[in-house]
Amino acid sequence: MSELVVEGLTVGIRGHSVDLLRDISFSVASGEILGMVGESGSGKTMAALAIMGLLPPEIELRAGSVRIDNLELVNQATMTLQRSAHQLTMIFQQPQAALNPTMKVGNQVSRVLQMHRGLSRAEAKQRAVQLLDRVGIAGPDRVARAYPHQLSGGMCQRVMIAIALACKPQILLADEPTTALDVTIQAQVFDLIAEVAREEGCGVILITHDLAAVSELCDRVAVLYGGQLMESGSTRKVLDEPRHPYSRFLLDAGVRQVDSNTPELGVNFALTGCRFGHRCSRADEICGTFPPLSALTADRGVSCHHPLVRLEEFK
Amino acid sequence: MSVGALFGIVVVVFLVVRILPGDGAVLRAGPYASASRIAQIRKEFGLDKSLLSQFQTYMVNVLHGNLGTSIRTQAPVTTELMSRLAASLEMALASVLLASLVGIPMGMWAAARRGKWVDHIVRIFAVIGSSMALFWLGLLMIYLFFYRLGWAPGPVGRLNIGTNPPTSITGLFTVDAALQGQWAILTDALRHLALPVITLGLVLSAPIIKMVRSAMIESLDSDYVRTARSVGVRGYEILWRDGFRNALIPVTTTMGIVFGYMLGGNIIIEFLFNWPGIGRYAFTAAQNNDIDALQGFVIVVGVLYIILNILIDLIYVWVDPRIRIRKAPTS
Amino acid sequence: MSEASLSRFVPPVFSEPPTRKSFIRRQPMMTIGIATIVLLIGFAAIGPWFVGDPRATFPGSSFAPPSWSHFFGTDMYGRDVFARAVNAARLDLWLGIVISVVATIIGSLIGLVAGYWGGWVDDVVMRLTDITLAFPGFVLAILLVTVLGGSSTSVAIGVTVSFIPYFIRLTRAEVLGQRELEYVDGAILAGNSKLRVALRHVLPNSLKPSLVQATLVAGWAITTVGGLAFLGIGIHPPTPEWGVMVAEGSNDILTGVWWTALFPGALIVIAASAFQFIGDDLGSKR
């Protein structure tokens, strides 16, 4: 039973004082799916890349701890993150762009097998075909010999999942794995990820806009806005009874009930307090200071000075 | 396309020589010819006929591989150019090879260490390289390595005066000598190749560095490299199999341009090193207003350029699976 | 590169200015390039009044090595190499800039016409451009200059023509993209004539790649002019011109006299690199 624990993750652009991610904490256990939601620019992808140690060179990790089974991945002296693909691996938004266009997809799977499992070339090739079969690709021998441009987006995402599985990861990050896909394929890919997580026993962080998918697949949810963790808790609780005004706003946006009092403004990263403060109808002077993540119950946290106690109060 | 381009080249060359100010007969006759001599030449070369009929004659000749007669040597231009082609190709191939061996690793190194001092130095090298005056660099090379240090032979052509060329198989002296085990000739040929090839190779490496660097940066920033990193692929594997393998597509284009540039740039180097190739032939032609010879050279270069472009297209097919295989194996 | 990858993560509202750095620190290559060109142009503009006659020969003092009285030494005829090099700077820089400017103007206008009006005009222009690009530029320049006859004007024309196709291509490609944008339709709907829209709206928005190319071409033009002169095509001795001077000096170098060729050649490379440094910096920023 392995667990990923992220604490106080803070990230910013080199040479700028402002934080792009501020003090983010969450955890995922194996076999569990954590949904990470929030609008574009909320820092979901950034958080994933930070955990993977794949931040672009202009962006630096400023503080935080990332542990798997109590093993610290962040070197606190250099603020760099060392992880193995066996611990953490990731699948991306644009499956076709995420595969090497000049390499047969079978080889892209088998080279990972060779690397991580010490298999011979021939064994790895064979295993790769099995893995492609495992992720629901019909005619896996034929597909293994194909190049990415010959495959559809959905197929490419399945190949990506196969590559990720080849690492036998403890935790799998999926960054909007269906955004670039046809609506008809999206459900299949979501189901595949859930199935794989269950059977392989790995934890999954699912970054998505699709609240319906979150409610169906995820055990727990984390809501991000402007690089700040707004609220986290079990899916049912957060979706049914959001405590953060932003969570409420996000859920209502999904069913077109947006509060017309909430101004349409971009994220203001310069805000020292709550980053939703300038859009929030409940904001007052206290909101100029950063609200700590307060635990409501053991599993539930909200980062707000004025949490919604009951639904009625917000409406 | 290629047939059309070749036709276009012939037309353009024909028109440039006939329409621009400068009387072909006067040029051919030389500066001290009498009026009657000029008139005679005009008749002899059919320059008194209409432009269209001149073009007809010219086109028919070119199609038969007849590029005219050199007024300097009185020999057919086609034969003269063909006998010199191998010398030029040997130098061109060796230079492009050297330029790639220098340029590709340097470009990759700079890309992998982007923004670091290595990158800055490589960029400065590339900028200076692309503004280098070939003739000047060649002169300095001769001064330093021949005159001062005595490491290289003087600019006397492909072999020492006393050395006999190897029996011709490909026409490339180094290859022929190596194939037949004539090591003394091989050494001599290599020593004579060294200076011109280093000069050209250094200059030609500049555009290769620039292209490799920018293509590598783009490729290393790509999603697929991020994928490879996320699943634990590392170091050389990423640099070559993910980075370079994909950067190769734009780099191939640059290699074509560089090789094409070569066909013009070698005039200077062949002149400087007394290299008996088509470039020096063209130079002598230009000096002597040997219009047919110069025209013939331009057409041969045009043909080489077209062949080169076809080769590049073939290389694309090999380098880029998206061109090679369009059909999807599955629906 | 870095700005592009950054924008994937940072929303556009993020507006804190980056840490201030001076222009020199931010763009050292461009600074070196501009400073060098300004310096060279300054020399070319006022230098000739301060140095001796570049054509005056002093048979008694031939092949004097560099010294305080002759910075770059003297040549076979006892002429002062420095005086000649300074006078040559006028011709060479002038040629480099004029060739680049004229090629940019003509090439961009032709590219604009081809890209904006399309149809058969475009077909003809592009076919011709492709054919011209099938010759190595240097070969085309040699052919043109040989036919036009030897003078600095014919060199200017020959080299300019050999560079024009690059600008046609660049501008046309850019115009094709701009033409599809909605501001073009907007400007026409607002009552502007097609010609006016082409010149006032499309052209200025399509010029950037050509302007970057122009700085590179200014550099290449200087080496090309020098190369032609070195081969004895176009500009001939005793005209003070860097390529001519290198050609004259090339005979001396095998007798150990290095200065007659070294200095003028170095000036060609310095002047050409200066333009290229600017172009390289401009080209690598978006």
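As a reminder, the structure under discussion sits directly above these lines.
Quick summary incoming for the structure in this document.

Rules and cut-offs
- Residues numbered from 1 in each chain as written.
- Chains lettered and ligands numbered in written order.
- Predicted model: local features only at pLDDT ≥ 70, side-chain atom pairs only at ≥ 80, totals over all residues.
- Helix = DSSP H or I, 4+ residues; strand = E, 2+ residues; numbered from the N terminus.
- Rg over C-alpha atoms; globule rule 2.2 N^0.38 Å.
- Buried ≥ 20, exposed ≤ 12 C-beta atoms within 10 Å, placed from the backbone.
- Contact = placed C-beta atoms within 7 Å.
- Nonpolar A, V, L, I, M, F, W, Y, C, P; charged D, E, K, R; others polar.
- Pairing = 2+ DSSP bridges.
- Axes fitted to C-alpha atoms, helices over the stretch in contact; angles between N-to-C directions.
- Left-handed = near helix turned anticlockwise from the far one by under 90°.
- Core = buried A, V, L, I, M, F, W, Y, C linked by C-beta atoms within 7 Å.

### Examining the overall build of chain A
Phase 1: Each helix and strand in chain A was counted, giving eleven helices and 14 strands.
Phase 2: At 20 Å, chain A has a C-alpha radius of gyration in line with the 20 Å of a compact globule built from 315 residues.
Phase 3: Its C-alpha atoms put chain A at 65 × 45 × 35 Å along the principal axes.
Phase 4: When burial is assessed residue by residue, chain A has 49% of its 315 residues classed as buried.

### Some remarks on the interface of chain C and chain B
Phase 1: With 41 residues of chain C at the contact, the number on the chain B side is 42 residues.
Phase 2: Within the side of chain C that touches chain B, the residues separate by chemical class into 24 nonpolar, 14 polar and three charged.

### Quick word on the pairing of strand β11 (residues 220-225) of chain A
Regular strands have side chains that alternate between both faces of the sheet.
All names here are of chain A.
Phase 1: Of all six residues in β11, six are buried, a share of seventy percent or more.
Phase 2: Both faces of β11 are covered, namely the face carrying Arg220, Ala222 and Leu224 and the face carrying Val221, Val223 and Tyr225.
Phase 3: Pairing analysis gives four bridges linking strand β3 (residues 33-37) to β11, with the strands arranged parallel. Bridge pairing in β11 links Val37 to Val223.
Phase 4: Two elements, β11 and strand β12 (residues 228-234), share six bridges in a ladder whose sense is antiparallel. The residue bridging Tyr225 from the neighbouring strand is Gln228, located in β12.
Phase 5: The hairpin formed by β11 and β12 contains two residues between the paired strands, and Gly226 there has a positive phi angle of roughly 55°.

### Notes on the environment of Ala266 of chain C
All names here are of chain C.
Phase 1: Mapped onto the elements, Ala266 comes out in helix α12 (residues 259-284).
Phase 2: Given 17 C-beta atoms within a 10 Å radius, Ala266 is considered partly exposed.
Phase 3: When the C-alpha atoms of Ala266 and Trp242 are compared, they prove to be 9.1 Å apart, with 24 residues separating the residues in sequence.

### Observations concerning the packing of helix α3 (residues 28-50) of chain C against α12 of chain C
Residue and element names in this part refer to chain C.
Phase 1: Interaxial distance between α3 and α12 falls to 8 Å at its minimum, and their mutual angle equals 145°. For the crossing formed where α3 meets α12, the hand is left-handed. Contacts from Met29, Met30, Ile32, Gly33, Ile34, Thr36, Ile37 and Leu40 of α3 reach α12 at Ile270, Ala271, Ala274, Phe275, Phe277, Ile278, Asp280 and Asp281.
Phase 2: Residue classes in the contact of α3 with α12 are distributed as twelve nonpolar, two polar and two charged.

### Quick look at the nonpolar core
Phase 1: Membership of the largest hydrophobic core comes to 271 residues, with the highest contact counts inside it found for Leu132 and Ile205 of chain A, Phe297 of chain B together with Ala85 of chain C.
Phase 2: At 18 residues, the largest contribution of residues to this core is made by helix α9 (residues 183-220) of chain B.
Phase 3: The next biggest cluster of nonpolar side chains, apart from the first, holds nine residues, and it includes Tyr116, Val175, Val197 and Leu207 of chain C.

### A short note on the environment of Gln114 of chain A
All names here are of chain A.
Phase 1: Mapped onto the secondary structure, Gln114 falls in helix α3 (residues 105-117).
Phase 2: Residues Gln114 and Arg127, spaced 13 residues apart in sequence, show a C-alpha to C-alpha distance of 9.9 Å.
Phase 3: Setting aside its immediate chain neighbours within four residues, Gln114 contacts Leu119, Arg121 and Ala124.

### Digging into unusual backbone geometry
Phase 1: Following Pro237 of chain C, the chain continues into Pro238 of chain C via a peptide bond in cis, with omega recorded as 5°.
Phase 2: A positive phi angle is found at Met79 of chain A, which is not glycine, with a value near 50°.
Phase 3: When you line up the elements, Met79 of chain A lands in the loop between β6 (74-75) and β7 (80-81).
Phase 4: Positioned with a positive phi, Gln74 of chain B is a non-glycine residue whose angle comes to about 65°.

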